[in-house]
Amino acid sequence: MKKVQAIIKPFKLDDAKQALGELSVAGMTVSEVTEFNRQKGHSEFFRGTEVVIDSLPNLFIEVIVPDDLADKVVMQLRDATRTGSSGDGKIFVLPVNNAVCIRTGDGGDAALV
């Protein structure tokens, strides 16, 4: 099993959901995150004072998939969330040793269903 993690722009969530649905990926975990990176944010004026916004809102998606599906998931997410501009995000793939479904007690790939 593999854990595929992606940091994407918030407006690309629906595209990511659709792309994963095409591969029959049943579920994902989505978290709102704040990212500090090379883009360095921007300045805004708030009540007459300049404020530096040095963090950017993004989404963090996690899915656990069988080994044979991981590369397809990465390609689908990459293609669905790419805008071609700086800050499109990153995708990470990590090994998962085991998974257990709490309700049924199933382990391994069976726990992913």
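Basis of the calculations
Residues numbered from 1 in each chain as written. Predicted model: local features only at pLDDT ≥ 70, side-chain atom pairs only at ≥ 80, totals over all residues. Heavy atoms only, no water. Helix = DSSP H or I, 4+ residues; strand = E, 2+ residues; numbered from the N terminus. Buried < 20%, exposed > 50% of the residue type's maximum accessible area, 1.4 Å probe, protein only. Contact = heavy atoms within 4.5 Å. Expected span 1.5 Å × (residues − 1). Arc of directions from axis to C-beta. Core = buried A, V, L, I, M, F, W, Y, C linked by side-chain atoms within 4.5 Å. Salt bridge = Lys/Arg side-chain N within 4 Å of Asp/Glu carboxyl O.

Peer 1: Account for the overall build of the protein chain, with residues named and values stated.
Peer 2: Across its full length, the protein chain carries two helices and six strands. Reading the protein chain from its N end, one meets helices and strands in the order β-α-β-β-β-β-α-β. Considering the protein chain as a whole, with its 113 residues, one finds that 30% of them fall into the buried category. Summarising the internal contacts of the protein chain: among those between residues at least 6 apart in sequence, 73% fall at separations of at least 24.

Peer 1: Please give an account of helix 2 (residues 67-81) that cites residues and values.
Peer 2: If you check helix 2, its first and last C-alpha atoms are 22 Å apart, about what 15 residues at 1.5 Å a residue would give, namely 21 Å. What helix 2 keeps buried is the set L69, A70, V73, L77, A80 and T81. Here the buried residues of helix 2 occupy an arc of 110° about the axis, which is enough to place them on one side. Within helix 2, the exposed residues directed more than 90 degrees away from the buried face are D68 and D71. As for helix 2, its buried residues are in contact with strand 1 (2-8), helix 1 (13-22), strand 5 (56-65) and strand 6 (90-95).

Peer 1: Could you give an account of the nonpolar core, naming the residues involved and the relevant values?
Peer 2: In summary, soluble globular proteins display a tendency toward joint burial of nonpolar side chains. Residues V25, I61, V63, V65, V73 and L77 are the most contacted members of the largest nonpolar core, which totals 16 residues. Elements that contribute at least two residues to this core include exactly strand 1, helix 1, strand 5 and helix 2. In contact with I61, other than residues within four places in its own chain, are V4, Q5, A6, I8, L13, A16, M28, T29 and V30. Judged by nonpolar contacts, the second largest core, of five residues, contains M1, V96, C101 and A111.

Peer 1: Describe the pattern of salt bridges, naming the residues involved and giving the relevant values.
Peer 2: For the coordinates displayed, the defined rule picks out four salt bridges. We note a salt bridge from K3 to E62, for which the minimum N-O separation is 3.4 Å. In this pair, K3 sits in strand 1 while E62 sits in strand 5, placing the two residues 59 residues apart along the sequence. Note on K3: relative accessible area 26%, which makes it partly exposed.

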